[in-house]
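The lines below spell out each chain.
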Amino acid sequence: MSWPRLSPSSPPARDRILGLTARATGLLGVSAVVLVGLFLLKETGSLLGRVPLEALFGSEWQPSLGRYGLAPILVGSVTVTLGSVLLATPLGVLLAVFLQFHAPPSVATVLLRGLELLAGVPSVVFGFLGLTSLAPLLGQTLLTGVLVLGLMILPTLALLAHSGLASVGSGPRLAAAALGLSVPAIAWRVIVPAARRTLTTAVLLATGRALGETMAVLMVTGNVIDWPRSLTAPVRTLTAHVALEMSYAEGDHRAALFLSGLVLFLLAGALVVLGARLGRAGATARG
Amino acid sequence: MTRLLPCLLLVALSLGCSRPDPDLRLILTGSSTVAPLATEIAHHFESENPGIRVDVQSGGSSRGVADTRRGLADIGMISRDLLPEETDLIAHVIARDGIGVIVHADNPIQRLSSTQLRAIYTRAVTDWAELGGAPGRITVVNKAAGRATLAVFLEHLQLRPDEVSADVVIGENEHGIKTVAGDPGAIGYVSIGAAEHDRGLGIPVRLVELDGVTASRTAVATGRYPMSRPLCLVTHGPPAGLARRFIDHARSESAHELAATQSFVPASS
Amino acid sequence: MDDSLRDRVATAAAWAAAVLVGLVLTWLLFDLARRGLPAWSLELVVASPRDAGRAGGIAPILVSTALILLTCLAAVVPVGLGTAVLLSEVLSEDRLITRVSRRSLDLLAGVPSIVFGLFGNAFFCVALGLGFSILSGGLTLAVMVLPLFARASEEALRSVGRRDRLAAAALGLSRTRTLWSVLLPRALPALIAALVLSLGRAAAETAALVFTSGYVARMPSSLFDSGRALSVHVLDLALNVPGGDARAAASALLLLVVLLMINSGALALGSRLQRRLVATA
């Protein structure tokens, strides 16, 4: 989209102040990212210099024996995250559509407040309920993790999708109604496609949240370091890995755990690149 | 006094304005197992010494060691013995923690030998029927790498960490207890005090006899029970001043009572 | 499928999703209430914890939590909003710096919270000398929720259409005036939603706080004191203290009530602010 930006060629003094303030705070925000990245690199530096990469991404993790293979854990993280996003995305979009188009106002308000509340439930509570209610039925498995994590990221997804749909504005909606389209048709053929950009952002933010989630996952996925062979097998995620062992790790073991953090950082990066691609593809398809 | 004052000022400045008079404040960091007990001891110490503040921070044994070495903490907390490479530190044992094997309360198994336990944890045995229990798959619950409990357990069974094959890997005691309570086929090992406490509250777990010795805090106290670990405060060099007073307090009779209420075995004085 | 059937299926799916989520939500709250309500008492909100949290109350923890969240807000709102304005209003879309900034924020969103905890400990507590303190904890949380808040705010500003901007430009409003009188009021509901979401995330955070604001459950006397957050307390009771479950549930339930009040407050404030901004515009 293009519109007049706030930095024309010769801005009045006040506008210049605004531009400068925005730049300064933006710089602060971006430098936070750089700082966190540098911190991770510094903590893993000693290990990356000495140990060959294929040893770090092998399949065996036995810190007391000097084996630091992260591959099954990396796959575990990706699997749990993908599963939960696949579960939460359709539900979240359906919920957003429900809130925008189908729900009576009072129901919508209650549901919105409920979702906001759900977004603020500490992950240990999800873990606790998952461990005491779900795990006795399903065991501590990939499936349990996907269900708990899917429920956890649902509010973020639904709320962001909701504001995404709301931001489309009344214009297209009225136009579509004037053409005689039914409410579901307006929702799914006009508003949802128009909000595709914000919906993608919502899914990406929720994926990031799922990838970074720690305590709840740790309490319900079993944490065994092995390839996730089936939905009923236990898995360990990178986050649970860091949380389980960091407090008890020193030297190379500690550095290898920071490497897990770095890998998560890079996974998030891959997600971002993917998001950018999707966003661009969407833009050209529409343009 | 005139020479001490600038020195103190310098110390205060170098530590940043956030740290008030170091003579009145003590910082402890380390093991999350020790932290609740240390907090209770700190409350007690503060009430006997008005004006003194003892800040207890959690975060793991290795953090306790690292912070004590770097001078970020006055006293570290660890839930294990000192390692050979940690001879620069001095450990002060304040309590012991026995490690008990637990099964679901519905499991009829009452006692296990170390040999049977080794067979279970290496998957030589995978069904309770093979051990004389009700038929059903054994869910093996193990502790995550680096934990002192794991080290003590493996050392007792003379197993290497890569010989163990688990269905569930847990972190804290309560995680293990809730896991076993939710799975009738599960077996795990946790702090005896925690298991006794939770069993008293009706949580369906049961401690089993190990090699003919009942797993109880009494058996740990008398030294008959084979698997236990110390809970220690550590200092960089011999403790002095406030740190010394706190450690003396933590090893006193009144602190022993606190150790007992926090489900640990008081250190024999 | 003919159109009316498709419409009915779509409607039914939306209702089904809402009912499903509503049921799960209700069950979750009900389960938490069943476990936690019996441990609720006046003592819980006015007393200090005793016996490792199994007895007494959580007054100091509530105060610490509020201070940590306030610190986080004070840092994240200006920086996040500034970043959002920069990305959506100041820098032009096709510049490399815009894309790099936006992507690096997204990158930050994927870092697990425990890494933020360790980072916060190394940076705020040790490097900046803030020690285990409410300030360190709040700032760490601010770094953690920054991507969520900044990106959601950016989307909020972006959602104000081209027409409004052109109208403002045609009226000869300065860009600053446009921002205050047109963009922010129009984007306010979405901005409040972003804020509420970020606050929820911050209030729910545990791992990032253990290493920064710490474990001390004493009533804090300044922002430089260590203070245990409610979520850290819940974690400790649930995983580390035998017999702590009931108190853990009671504390978690209280956290939700506090959050509900904050959310409603933010929304009420938001709609009042919007009325005022629109009136003065």
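Draft legend 1. Broad picture of the overall build of chain B. Each helix and strand counted, chain B has ten helices and twelve strands in total. With the C-alpha coordinates of chain B rotated into their principal frame, the extents come out at 80 × 35 × 30 Å. Burial status across chain B gives 49% buried among its 269 residues.

Draft legend 2. Structural context of the overall build of chain A. Along chain A, the regular secondary structure elements total twelve helices and two strands. Going from N to C terminus, chain A has its helices and strands arranged as α-α-β-β-α-α-α-α-α-α-α-α-α-α. Across the 287 residues that make up chain A, the buried fraction comes to 56%.

Draft legend 3. Geometry of the interface of chain B and chain A. Across the boundary between the two partners, chain B contributes 22 residues, which contact 23 residues of chain A. Listing elements by their share of the side of chain B that touches chain A, those giving two or more residues are helix H3 (61-70), strand E7 (168-170) and helix H6 (173-181) of chain B. Split by residue class, the side of chain B that touches chain A holds six nonpolar, ten polar and six charged.

Draft legend 4. Region of the structure containing the environment of Val65(B). Residue and element names in this part refer to chain B. The residue Val65 is located in helix H3 in this model. Judged by C-beta crowding, with 26 C-beta atoms within 10 Å, Val65 ranks as buried. The spatial distance from the C-alpha of Val65 to the C-alpha of Ile78 is 7.5 Å, given a sequence separation of 13 residues. When sequence neighbours within four positions are dropped, the list of residues in contact with Val65 reads Gly76, Ile78, Glu86, Leu89 and Val234.

Draft legend 5. Summary view of the interface of chain A and chain C. Counting from both sides, the interface comprises 84 residues of chain A and, opposite them, 79 residues of chain C. The dominant element in the side of chain A that touches chain C, judged by the number of residues it contributes, is helix H1 (residues 13-50) of chain A, at 18 residues. Among the residues forming the side of chain A that touches chain C, the class breakdown is 52 nonpolar, 26 polar and six charged.

Draft legend 6. Broad picture of the pairing of strand E6 (residues 139-143) of chain B. All names here are of chain B. For E6, the buried fraction is high: five of the five residues fall into the buried class. Pairing of E6 with strand E8 (residues 186-191) involves two bridges; the strand directions are parallel. Residue pairing in the sheet places Val140 in a bridge with Ile187 of E8.

Draft legend 7. Structural context of the environment of Ala238(C). As for its position among the elements, Ala238(C) is in helix H10 (residues 230-239). Residues Ala238(C) and Thr206(C), spaced 32 residues apart in sequence, show a C-alpha to C-alpha distance of 12 Å. The residues touching Ala238(C), leaving out its near neighbours within four places in the chain, are Val124(A), Phe128(A), Glu174(B), Gly244(C), Asp245(C) and Ala248(C).

Draft legend 8. How the structure looks around the environment of Leu118(C). Following the sequence through the fold, Leu118(C) ends up in helix H5 (residues 113-127). C-alpha of Leu118(C) to C-alpha of Ala208(C): the two residues are 90 residues apart in sequence and 7.3 Å apart in space.

Draft legend 9. Up close: helix H9 (residues 241-250) of chain B. Along H9(B), the residues that are buried comprise Ala243(B), Phe246(B), Ile247(B) and Ala250(B). When H9(B) is viewed along its axis, its buried side chains cluster within an angular range of 95 degrees and face the same direction.

Draft legend 10. How the structure looks around the pairing of strand E11 (residues 228-236) of chain B. Residues and elements named next belong to chain B. Judged by how many residues are buried, E11 sits mostly within the fold: seven of nine residues are covered. Bridge count for strand E3 (residues 75-78) against E11 is three bridges, and the pairing is antiparallel. If you follow Ile78 over to E11, its bridge partner there is Cys232. By the bridge criterion, nine bridges tie strand E4 (residues 89-104) to E11 in an arrangement that is antiparallel. Each bridged residue has a counterpart across the sheet, and for Ala91 the counterpart in E11 is Val234.

Draft legend 11. Structural detail: the packing of helix H3 (residues 71-102) of chain A against helix H6 (residues 142-166) of chain A. All names here are of chain A. Interaxial distance between H3 and H6 falls to 6 Å at its minimum, and their mutual angle equals 35 degrees. Like other packed secondary-structure pairs, H3 and H6 cross with a definite hand, here right-handed. Residue classes in the contact of H3 with H6 are distributed as 19 nonpolar, nine polar and no charged.

Draft legend 12. Summary view of helix H4 (residues 96-109) of chain C. Here H4(C) is 14 residues long and its end C-alpha atoms lie 20 Å apart, about the 20 Å a rise of 1.5 Å per residue gives. Those residues of H4(C) lying buried are Ser101(C), Arg102(C), Ser104(C), Leu105(C), Asp106(C), Leu107(C), Leu108(C) and Ala109(C).

Draft legend 13. Inspection of the nonpolar core at higher detail. Membership of the largest hydrophobic core comes to 274 residues, with the highest contact counts inside it found for Leu95(A), Leu157(A), Leu259(A), Ala268(A), Cys72(C), Val145(C) and Leu146(C). With 17 residues, helix H8 (residues 175-204) of chain C is the single largest residue contributor to this core.

Draft legend 14. Spotlight on the confidence of the model for chain B. All names here are of chain B. Here chain B averages 89 in pLDDT, while 91% of its residues score no lower than 70. Note that pLDDT drops below 50 for residues 1-19; the model gives that stretch 13 contacts with residues more than four away or on any other chain. Taken over the whole predicted complex, pTM reads 0.87, whereas the ipTM for its chain interfaces reads 0.83.

Criteria and thresholds
- Residues numbered from 1 in each chain as written.
- Chains lettered and ligands numbered in written order.
- Predicted model: local features only at pLDDT ≥ 70, side-chain atom pairs only at ≥ 80, totals over all residues.
- Helix = DSSP H or I, 4+ residues; strand = E, 2+ residues; numbered from the N terminus.
- Buried ≥ 20, exposed ≤ 12 C-beta atoms within 10 Å, placed from the backbone.
- Contact = placed C-beta atoms within 7 Å.
- Nonpolar A, V, L, I, M, F, W, Y, C, P; charged D, E, K, R; others polar.
- Pairing = 2+ DSSP bridges.
- Arc of directions from axis to C-beta.
- Axes fitted to C-alpha atoms, helices over the stretch in contact; angles between N-to-C directions.
- Left-handed = near helix turned anticlockwise from the far one by under 90°.
- Expected span 1.5 Å × (residues − 1).
- Core = buried A, V, L, I, M, F, W, Y, C linked by C-beta atoms within 7 Å.
- pLDDT = per-residue confidence, 0-100.

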